[in-house]
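What the coordinates show
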There are 2 protein chains.
Amino acid sequence: MSNTIFSHRSIRKYKSIPIPTEVLENILLAATRASNTGNMQVYSIIVTQNADMKAKLAPLHFNQPMVMQAPVLLTFCADINRFSKWCEARNAEPGYDNLLWLYTATIDATLASQNAALEAEANGLGICYLGTTNYTADKIIQVLNLPKGVVPVTTLVVGYPDEQPNLTPRLPIEAVVHYESYTDFDTLTINKLYDETENSDFSKNIIAENGTENLAQVFTRKRYTTAVNKQFSEVLLRVFREQGFNS
Amino acid sequence: MSNTIFSHRSIRKYKSIPIPTEVLENILLAATRASNTGNMQVYSIIVTQNADMKAKLAPLHFNQPMVMQAPVLLTFCADINRFSKWCEARNAEPGYDNLLWLYTATIDATLASQNAALEAEANGLGICYLGTTNYTADKIIQVLNLPKGVVPVTTLVVGYPDEQPNLTPRLPIEAVVHYESYTDFDTLTINKLYDETENSDFSKNIIAENGTENLAQVFTRKRYTTAVNKQFSEVLLRVFREQGFNS
């Protein structure tokens, strides 16, 4: 376990080798072994292997080449549809079309996705999470034919790696972990926590490529600007409402 | 990996044995190795070990005895505060106080939590996720002193197991997995998918205990009623707004 967790790298180049059916099925089973609220399993996994379907999804993932390269995409969805249909068939009135269950189902779908990711990696496969799923959720819903009650949360690209990237550095653990209660950050502490990140050759190259003064500006002015964040937030809010999470 | 994933059980009774510091630190490091958006690490982990702090959190987790029993609680939080503070210290205007980043940070916090859960289990520890974190998020924010930009997502109870529960059955994999596109469920399919669950001795006992006609009504009338779901949805919406995710 440790070994799989600690050697994780996101893989963005894949060989065009298919995943054996039994390996894929094992990954999907591993996903369902994750903890989930009330054992209600309010999530779904959509498996994309068909080239036509991948071609429809590719632009929604900003045409990242790995989407067409890798043999399998797994789209993890928050899903109260199946559970509600079961309730309706049992003279039991479902009341899950609300924020609490959208949030709960999102968490459960995400736990399942990480089990799938680790099981894939333990089988020699590589994975990459696609954040684009949230940006184009409205269109992914159309392509994957998701009914009301179902919202795509995240997508895993899965396949055999065709690259061996280095481990990505993380912030010092003190940046992330607080003991007993949250200690907010003053500028001196921020400077210390981000020192190594900001002064790495990797960051210096990114700053030079982007022509910004510093690394933070790469994020705020190039990668994730306020305008784009607001635009995608509106997409997401519309998706939540259109998929029936109204109360 | 497989073995840890496939032998997961939620543990609700714990021995009063502390977790060695190096094991706990390893679990926390494992959490940070999970994939995360843009390597921004927009999450935090609050470690609760102090008995007074546990006593304050216990009622917010509905006084489940394991909260006091187990040596460690880990509260995983969506956190744009640290990243935004860094941006502000670098003449970079952060624009993450919106739905997209609340959702993104929630996913990233959850991925981290599942790595922590599996690393704990790989070290012979037991875990249990607490959904109550979402129901009482407003009060957890006060106890853990979470600033604006930080929202508790889920809590892991971690400790040495004092029970050996059976593996929890899941729905047939076809209930959860769709190939290429989502196939919605008719009543016949629902009946088939839920047949084993509904007719298990375990379910029959639960139905008898709750005095309902069937298992679905245990969920809709006893465990997760519409009224309670709506009440907790309002708490959550208020928390998201009060923590600054306004746009």
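Note that this is a predicted model, so its numbers are computed, not measured. (Residues numbered from 1 in each chain as written. Chains lettered and ligands numbered in written order. Predicted model: local features only at pLDDT ≥ 70, side-chain atom pairs only at ≥ 80, totals over all residues. Heavy atoms only, no water.)

Our next topic: unusual backbone geometry. Backbone geometry at A:Gln41 places phi at a positive 50 degrees, although glycine is not the residue there. Examined against the element boundaries, A:Gln41 turns out to sit in the loop between α2 (21-32) and β1 (43-48). (Helix = DSSP H or I, 4+ residues; strand = E, 2+ residues; numbered from the N terminus.)

Working definition: the strands of a sheet are paired by backbone hydrogen bonds and lie parallel or antiparallel to each other. Reading across from one edge, β5(A)-β1(B)-β2(B)-β4(B)-β3(B) is the order of the 5 strands in this open sheet, with mixed pairing throughout. The open sheet has two free edges, formed respectively by β5 (177-179) of chain A together with β3 (126-130) of chain B, since each of these has just one partner strand. Shown here is a sheet whose adjacent strand axes are inclined to one another by a mean of 25 degrees, direction ignored. In terms of strand pairing, β3(B) meets strand β4 (residues 150-159) of chain B through 5 bridges, oriented antiparallel. Directly across from B:Ile127, in β4(B), lies its bridge partner B:Val158. (Pairing = 2+ DSSP bridges. Axes fitted to C-alpha atoms, helices over the stretch in contact; angles between N-to-C directions.)

By the definition in use, this model includes 24 aromatic pairs over all chains. Seen in terms of ring centroids, A:Tyr135 and A:Phe232 are 4.4 Å apart; in terms of plane orientation they differ by 5 degrees. Their pairing is stacked. Placement of the pair is A:Tyr135 in helix α7 (residues 132-135) and A:Phe232 in helix α12 (residues 226-242), with a sequence separation of 97 residues. We note that A:Tyr135, like A:Phe232, is buried. Centroid distance B:Phe83 to B:Tyr96: 5.5 Å. Interplanar angle 85 degrees. Geometry classified as edge-to-face. Placement of the pair is B:Phe83 in helix α5 (residues 81-88) and B:Tyr96 in the loop between α5 and α6 (99-122), with a sequence separation of 13 residues. Each residue in the set A:Phe83, A:Trp86, A:Tyr96, A:Trp101, B:Tyr194, B:Phe219 and B:Tyr224 is aromatic and connected to the rest through ring pairs, giving one cluster. (Phe/Tyr/Trp six-rings, centres within 6.5 Å; stacked < 30°, edge-to-face > 60°. Buried < 20%, exposed > 50% of the residue type's maximum accessible area, 1.4 Å probe, protein only.)

Before going further, it helps to spend a moment on the relation of the copies chain B and chain A. For the match of chain B to chain A, the screw axis carries a shift of 0.0 Å, the RMSD comes to 0.0 Å, and the turn is 180 degrees. Such a turn and shift between the copies fits a two-fold axis. Most of the interface of chain B is mirrored in chain A, where 100% of its interface residues are also at the interface. (Least-squares fit on C-alpha atoms with pLDDT ≥ 70 in both. Contact = heavy atoms within 4.5 Å.)

Below, the discussion takes up the nonpolar core. Soluble globular proteins tend to bury their nonpolar side chains together. If you look at the biggest cluster of nonpolar residues, it comprises 175 residues, and the most contacted ones within it are A:Leu74, A:Val158, B:Leu74 and B:Val158. Dropping the residues within four chain positions of it, A:Leu74 is found in contact with A:Leu24, A:Ile27, A:Leu28, A:Ile45, A:Ile46, A:Val47, A:Thr154, A:Thr155, A:Leu156 and A:Val158. A:Ile5, A:Leu118, B:Ile5 and B:Ala30 belong to the second-largest nonpolar core, a separate cluster that totals 6 residues. (Core = buried A, V, L, I, M, F, W, Y, C linked by side-chain atoms within 4.5 Å.)

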